[in-house]
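# What the coordinates show
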Amino acid sequence: MVKLALSLFLTGMMYSIIGPEHERLSYETVYGYAVIVLKEALTGALIGYSTSICNTIVDFAGRIMDMETGLSMSNLMDPTTGQSGSMSGVLYQYAVMLMLIITGLHRYLLSALADTFTLIPVNGAIFDLDKLLESITAFLMDYITIGFTICLPVFAVMLLLNAVLGIMAKVAPQMNMFSVGMQLKVLVGICVLFFTATLMPSVANFIYTEMKTMLVRFVSTMI
């Protein structure tokens, strides 16, 4: 209900901003009007999808961190998507969204949405599937690169810890390194997340830059 109310509010606000040049559309039948509505719905869905998929990067990084630290056995329900997510991914996602509101990037996204009505007039979208495929391919490359960049501190520390545990297993074979290693990984992983909390602005900057890039790429495929 909150999402529906917010959508109606943004619709009214955008209608008062874009001006009266979009009020008159040329169509002859109900079928023609339905085609215009579907085209605009697809255009809006692609524009929204271009920014929403960037949030999946932190979930990808969080799943890798939880897999390395042993926290992947427990998941959290993400209320924004209605799906289960990793503990670290949900933590990073809320931190990124909080910084988005604090830094005022939501105003940039709303202004960019208003500018799309000038770049892509109503019933004026031309979908270039080749450019759209190139944009998705470029995002997948950034998805892997940014995701591993975010989880690199935890991944590097866990790699060193595994090396230390391997040496200890050879030096002291009477110790059960499996049970000891699981507890150490959880403890060290939480400590690394705590000490790398100062890197949250850098993580958010990666995501925001990717949002802007993907928004420009997707809009360019419909001009």
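Residues numbered from 1 in each chain as written. Predicted model: local features only at pLDDT ≥ 70, side-chain atom pairs only at ≥ 80, totals over all residues. Heavy atoms only, no water.

So, on to the overall build of the chain. What the chain contains, in helices and strands, is eight helices and two strands. The helix and strand sequence of the chain, counted from the amino end, reads α-α-α-β-β-α-α-α-α-α. Against the compact-globule benchmark of 17 Å for 223 residues, the chain has a radius of gyration of 23 Å, which places it well outside the compact range. Dimensions of the chain, computed from C-alpha atoms along their principal axes, come out at roughly 85 × 35 × 30 Å. Counting all 223 residues of the chain, 34% fall into the buried class. (Helix = DSSP H or I, 4+ residues; strand = E, 2+ residues; numbered from the N terminus. Rg over C-alpha atoms; globule rule 2.2 N^0.38 Å. Buried < 20%, exposed > 50% of the residue type's maximum accessible area, 1.4 Å probe, protein only.)

A grouping of Y27, Y33 and V37 is seen on the molecular surface, where their side chains present a nonpolar patch of about 290 Å² in accessible area. Mapped onto the secondary structure, V37 falls in helix α2 (residues 30–52). (Patch = residues over 30% accessible without salt bridge, like charges linked within 9 Å, V, L, I, M, F, W, Y side chains within 5 Å. Areas by Shrake-Rupley, 256 points an atom, 1.4 Å probe, with all protein chains shown as cover. Salt bridge = Lys/Arg side-chain N within 4 Å of Asp/Glu carboxyl O.)

With that settled, consider the side chain of T43. Among the structural elements, T43 can be located in helix α2. Within polar-contact distance, the side chain of T43 engages the backbone oxygen of K39 at 2.8 Å. The contact partners of T43, leaving out residues within four places of it in the chain, are I120, A125, F127 and M222. (Polar contact = N/O pair within 3.5 Å; in protein donor to acceptor, adjacent residues only side chain to side chain. Contact = heavy atoms within 4.5 Å.)

Glancing now at the layout of surface pockets. Taken as a whole, the second largest pocket spans an internal volume of roughly 150 Å³. Considering the residues around the second largest pocket, the lining is formed by M67, E68, T69, G70, M73, L165, M177, F178, G181, M182, K185 and V186. Counting only elements with at least two residues in the lining of the second largest pocket, the list comes to α3 (56–69) and α7 (177–195). The biggest single contributor to the lining of the second largest pocket is α7, with six residues. Across the lining of the second largest pocket, the residue classes break down as seven nonpolar, three polar and two charged. (1 Å grid on protein atoms, 1.4 Å probe; cavity = no way out; pocket = protein on both sides within 12 Å on 5 of 7 lines; lining within 4 Å. Points joined across faces, edges and corners; volume = space filled by probe spheres on them. Nonpolar A, V, L, I, M, F, W, Y, C, P; charged D, E, K, R; others polar.)

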